[in-house]
Structures are given as C-alpha cells and as structure tokens.
Amino acid sequence: MTYDLVIGDRAYSSWSLRGWLFFDAFGIPVKLHHARLYTDELPTLLKQFFPGKTAPTMRTPDGVVVPETIAIAEELASRHPQAGLWPQDPKARAIARAVAAEMHAGFTALRSHCPMNLRVSYQDCAPPPEVLADLARLETIWAWAQDQTGSQTWLCGAYSAADAFFAPVATRIATYNLPLGPRAMAYVQAHLAHPSFRRWRAMGLVDGADQEFYRRDYPRRPWPGPAPLPARAVEGTQAENATCPYSGKPVTHVLELEGRRFGFCNAFCRDKTVADPEAWPEFMAIYKS
Ligand SMILES: N[C@@H](CCC(=O)N[C@@H](CS)C(=O)NCC(=O)O)C(=O)O
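Keep in mind that what you see is a predicted model, and the values were worked out from it rather than measured.

Reading the values: the criteria
Residues numbered from 1 in each chain as written. Predicted model: local features only at pLDDT ≥ 70, side-chain atom pairs only at ≥ 80, totals over all residues. Heavy atoms only, no water. Helix = DSSP H or I, 4+ residues; strand = E, 2+ residues; numbered from the N terminus. Rg over C-alpha atoms; globule rule 2.2 N^0.38 Å. Contact = heavy atoms within 4.5 Å. Areas by Shrake-Rupley, 256 points an atom, 1.4 Å probe, with all protein chains shown as cover. Lys, Arg positive; Asp, Glu negative; His and termini not counted. Charge placed at Lys NZ, Arg CZ, Asp CG, Glu CD. Buried < 20%, exposed > 50% of the residue type's maximum accessible area, 1.4 Å probe, protein only. Polar contact = N/O pair within 3.5 Å; in protein donor to acceptor, adjacent residues only side chain to side chain.

Q: Lay out the overall build of the protein with the relevant residues and their values.
A: Helix and strand counts for the protein stand at 11 helices and seven strands. For the protein, whose C-alpha radius of gyration is 19 Å, the value lies close to the compact-globule estimate of 19 Å for 289 residues. Each of the three principal axes of the protein carries a C-alpha extent, and together these read 55 × 50 × 40 Å. Taking the intrachain contacts of the protein between residues at least 6 apart in sequence as the baseline, contacts between residues at least 24 apart amount to 68%. For the protein, the computed accessible surface area is about 12,700 Å², with 54% contributed by carbon and sulfur atoms. Of the charged side chains in the protein, 30 are positive and 29 negative; the average position of the first set lies 2 Å away from that of the second.

Q: Hey, could you go over unusual backbone geometry for me, with residue numbers and the actual values?
A: The omega torsion of the bond from Ala55 to Pro56 falls at 5°, within 30 degrees of zero and hence cis. Summarising the element assignment, Pro56 is placed in the loop between α2 (41–47) and β3 (57–59). In this model, Lys53 sits at a positive phi of 55°, which is unusual for a non-glycine residue. Counting through the fold element by element, Lys53 comes out in the loop between α2 and β3. Lys53 sits in the partly exposed class, given a relative accessible area of 38%.

Q: With reference to specific residues and values, describe the environment of Ala145.
A: Counting through the fold element by element, Ala145 comes out in helix α6 (residues 129–149). Taking the relative accessible area as the measure of exposure, Ala145 reaches 0% and is therefore buried. Sequence-wise, Ala145 and Ile95 are 50 residues apart; in three dimensions their C-alpha atoms are separated by 6.4 Å. The contact partners of Ala145, leaving out residues within four places of it in the chain, are Ile95, Val99, Leu155 and Cys156.

Q: Hey, could you go over the side chain of Ser196 for me, with residue numbers and the actual values?
A: Take Ser196: it is sitting in helix α9 (residues 195–206). Take Ser196: its relative accessible area is 3%, and that puts it in the buried class. Side chain to side chain, Ser196 and Asp24 meet in a polar contact 2.7 Å long. Aside from chain neighbours lying at most four places away, what touches Ser196 is Trp20, Leu21, Asp24 and Ala25.

Here it is in structure tokens:
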C-alpha cells in the first residue's frame, strides 16, 4: 500500500504541483491519478476520493482522504518526520508555516491575472497595480523569511514545504516576465532549476493538449529556466539501450541526442525525456555511460 494523489494537468494545475512536490521533493513514494481540468474527467475521478472534488487530493496508505495542500503537507510531515517537509529548527519551522499559510490564502490578484502556464513564456503581461502590489508583498515576505532564518537559496534553510508552496508563483514570474529585484529573482531561478520542478515541467510540456482557458496573446520569449539538452523524438526502435531506463521493459519509442539514440517503453516517457533530458537521473545514467 502506498499514497495515492489525484492531480490535474501538470502544465496548469498550480495546486497539483504543490501537492506533488510534497512527495517528489521529499522522497515519499506516491501513485498518481491524473485527469484533465475543464472536463468531466477530474470530477469523475475525484468522486471516489473527495465529494468536494478538488485536486490535489491525497489518500493515505491506511485509506484516509486528505484534500487541501496545507493539510496534505501537515499530514505528510506528521507521518514522515525525517522527510524534512518543515525545518527542524523551531524558529525556521514557524516562519515556514507562516509564509506557506499566506501563500495558501493570498496573492489573489497575481494568481488571477497570471494563471500558471508552464508551456509558454511571455515578454510582458501589462501587470496592473494590484499585481505589482502582490509582487512587492512577495519580495517583502521572502526577504523576511530569509533574513530571519539566515537562508541564502531557499526561504527557511533547506528546501521545505514553504518553498513548494511558492513554486507555482515562481513559475508565474517566469511565464509572465514579472518585475522583481535581484534577490527575489535569484529565488525564482532556484525554483526553475530544482530537479523535482524540472521533472514536473518536462511532463507538463507533453501530457496533453493546450488548455484554451490559459491562452494569452502576449509576445513570447524563451523559457528563462535552464535550457534543455537538444533532444528530439525519432521513428523506429533502434537504440543503444535494449530496455527502458524507467521500467526495464523493451524499447518501443526512441529519441536522438547529439547523434545517439536512446529508447523507452512508451511515448510519454520518451517525450518527457525529450522535453528536458537532464531532469531524469535514470536517463542521464545511460546517457553518461
Ligand atoms: N485550496 C485548495 C485549492 C485546490 C484547487 O482549487 N484545485 C483546482 C485545480 S488547481 C481544482 O481542483 N479545480 C477543479 C474545480 O474546482 O472544479 C488546495 O489547497 O488544494
């Protein structure tokens, strides 16, 4: 028995990203159940978990259903005290909880003007004054958390649930090219380079069609996070490896990278690797061998 987690589209569901980070970034195994937003798929899937029908919703190995990201983080922290969801130090932990709670409840102007979309990056989104006020508030509380806890990269020491709560906001700043000072921008860049986030985004780039709701006609720019290695999907099954680096099953789908061919056992695992090869340690192990 393991945890189950219901998530929506990876490219767009900011709350699902938070819920998933509580598992992936802290080494807690989970079985995912995935459904499309704005279709019957998600409410139909959620029926068997939670009548309130929001993603993420977690089910614990003993069958307790927990929606709401704050509750999911707290429940996992209680059940896995060694995983480090919250800082060990009492002061850092209190501050981490405070900023996570504010994120959970606030920043509504930013969230509604700039919905999370991991598939694009725009040059400008003409942020109105309410969005600029939210950004100023973010800079204030991020700097406060780092100063109070003597942290450089993350908010309260090592990467914690508080940082996971802000990951979608960091992506909004990247997607909509929102103005921030250098210190806050360094925090955003740390999120874009975080290994779990890179894996989530790589999957989000390939796990379904674009959702029309998130379309904006602003001019585009390249994604400001780490540039992926230049891989591409190719036809055929010829590859250096006979079995998939993720499942060990026979190769059915192939990518090419720097003139070399590597195989996978399904299109999704090939395509998520094409999207960002370095995000996948199992792939990088065969690539470097
Ligand atoms: N406060 C909730 C928010 C969850 C939420 O609104 N999730 C969205 C997806 S990002 C959802 O399930 N939308 C479907 C719906 O409301 O029908 C949390 O912390 O988990």
